[in-house]
Amino acid sequence: MRVVGTVESLWRYPVKSMRGEELKELFAGYAGVYGDRLFAFATSANPRGFPFFTGRDQRQIIRYRPRFRNPKKAARPVNLDEAQKLSPNLNPISASVDDMMIDVETPDGKTFGINDPELIDHLRTNIDVKHELTLLRSDKAMTDCRPLSIFAVQTARKLGEETGVMVDKRRFRANVYVDLKSAEGFAEDEFVGKSLRIGPKVVVRVLHRDARCMMITLDPDTAEKTPTILKAVAQAHDGMAGVYSAVIIEGMIRRGDAVELLE
């Protein structure tokens, strides 16, 4: 084993494509980060294989801010400590549906419950009427691909150098941002096909690089487009930035935890 970096910050996204929340710690389970992409909206205008309503359909959705009504119970599985005392192999359980409910603050300062029909009306403002929206909920994180996404802060800096634009890491909507010992951007690519231990317990298998779309062109605060970022990723990096992983041993990850390459 060798230490390759540390956890720079941790994020989850309670509603798919809406603003993320930064955490001091998170629970990484086999199905993904606890409370991550718990809710999503499906649109009738998109194919059944990928029905989600995202920033590709309505740029402003990334500025909507979801908040758990009961942040303490939404922080980790409700019986995590008790389950671990009995056996490290036991799967902990989620809080109740009511305890995991969310309110959403809109860019214009209004607040709606996640299941309020008025939130759907608000989301459909100034977009094509073909988008009929339906609220989805799943205890399994509704990620695009694999359960856990990892992104090196050096990669954002590298893209900034390549584009001449200040590149905010939040554009890449990762769960775990890592500060690697390597100063080179895109060094996380070297972990594909290998396993990492993050903190004292969690082990993940890095499966493949993360194929990027127009979402990374959107400024996380204004939703304004910067196409040069996606162009740089496409032309210089095969359209990839960051990596996807599967959780092999689940547990808590904390900001500042060591990231070790298991060799």
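The structure this text deals with has already been given above.
Sequence order sets the numbering: in each chain, residues are counted from 1 along the sequence as written. At least 70 in pLDDT is required for a residue's local features to be given in this predicted model, at least 80 for side-chain atom pairs to be given and counted, and no such filter applies to totals for whole chains, interfaces and linings, which use all residues. As a rule here, side-chain values cover all heavy atoms of the structure and leave hydrogens and water aside.

Caption draft 1: Fine view of the packing of aromatic side chains. Two aromatic rings, drawn from Phe, Tyr or Trp (for Trp, its six-membered ring), form a pair once their centres lie within 6.5 Å of each other, and the interplanar angle then sorts them: stacked below 30 degrees, edge-to-face above 60, tilted otherwise. Applying the stated rule across the entire model yields three aromatic pairs. Considering the side-chain rings of Phe151 and Phe172, the 4.3 Å spacing of their centres and the 15 degrees angle between planes classify their relative orientation as stacked. Taken together, the positions of Phe151 in strand E10 (residues 148-152) and Phe172 in the loop between helix H3 (153-163) and strand E11 (176-180) put the pair 21 residues apart, joining distant regions of the chain. Relative accessibility thresholds used throughout: buried, under 20% of the residue-type maximum; exposed, over 50%; partly exposed, between the two (1.4 Å probe, protein chains only). A relative accessible area of 2% means that Phe172 is categorised as buried. Each ring is checked for a lysine NZ or an arginine CZ that lies within 6 Å of its centre and within 35 degrees of its normal; such an atom marks a charge sitting over the ring. Above the plane of the ring of Phe52 lies Lys16, whose end atom (NZ or CZ) is 4.9 Å from the centre. Sitting over the face of the ring of Tyr177, Lys169 holds its NZ or CZ atom 5.3 Å from the ring centroid. Labels follow the DSSP assignment, with helices taken as runs of H or I lasting at least four residues and strands as runs of E lasting at least two, numbered in each case from the N terminus.

Caption draft 2: Quick peek at the pattern of salt bridges. Think of a salt bridge as a Lys or Arg side-chain nitrogen and an Asp or Glu carboxyl oxygen that are within 4 Å of each other. Scanning all chains against the criterion turns up 19 salt bridges. When the shortest N-O distance is used, the salt bridge between Arg67 and Glu105 registers 2.8 Å. One end of the pair, Arg67, is in strand E6 (residues 65-68); the other, Glu105, is in strand E7 (residues 102-105), with 38 residues separating them in the sequence. Residue Glu105 is classed as partly exposed on the basis of its relative accessible area, which comes to 28%.

Caption draft 3: Representation of the sheet that holds strand E3 (residues 25-29) in the model. Overall, antiparallel pairing links the three strands, which are arranged E4-E3-E15 in an open sheet. Looking along the sheet, the strands with just one partner apiece sit at the ends: strand E4 (32-33) and strand E15 (251-254). Alignment of E3 against E4, held across two bridges, turns out to be antiparallel. Each bridged residue has a counterpart across the sheet, and for Gly29 the counterpart in E4 is Gly32. Paired strands, in this sense, are two strands between which DSSP finds at least two bridges.

Caption draft 4: Broad picture of the layout of surface pockets. Considered as a void within the structure, the largest pocket measures approximately 350 Å³ in volume. Elements with a minimum of two residues in the lining of the largest pocket: E10 and strand E13 (202-211). Residue polarity is assigned by list, with Asp, Glu, Lys and Arg as charged and Ala, Val, Leu, Ile, Met, Phe, Trp, Tyr, Cys and Pro as nonpolar; anything else, Gly included, falls into the polar class. Partitioning the lining of the largest pocket into residue classes produces eight nonpolar, five polar and nine charged. Size it by volume and the second largest pocket reaches roughly 300 Å³. Listing elements by their share of the lining of the second largest pocket, those giving two or more residues are E3 and E4. Looking at the lining of the second largest pocket residue by residue, the classes come out as eleven nonpolar, six polar and five charged. A cavity here means a set of 1 Å grid points, computed over protein atoms only, where a 1.4 Å probe fits but cannot escape. A pocket is an open set with protein on both sides within 12 Å along at least 5 of 7 lines, and lining residues have an atom within 4 Å of a point. Grid points are joined across faces, edges and corners, and a volume is the space filled by probe spheres set on the points.

Caption draft 5: View of the nonpolar core. Among the buried residues, those of types Ala, Val, Leu, Ile, Met, Phe, Trp, Tyr and Cys that are joined through side-chain atoms within 4.5 Å form a nonpolar core. By size, the foremost hydrophobic cluster in this structure holds 31 residues, and its most contacted members are Met18, Phe41, Ile114, Leu119 and Leu123. Considering each element in turn, this core owes the most residues, three residues, to helix H2 (residues 117-123). Contacts: residue pairs with any heavy atoms within 4.5 Å of one another. Ignoring anything within four residues of it in the chain, the contact list for Phe41 reads Val15, Met18, Pro51, Phe52, Phe53, Ile114, Leu119, Ile120, Leu123, Thr134 and Leu135. Core analysis: the next-biggest nonpolar cluster, separate from the first, contains 25 residues, Leu10, Leu23, Val33 and Val247 among them.

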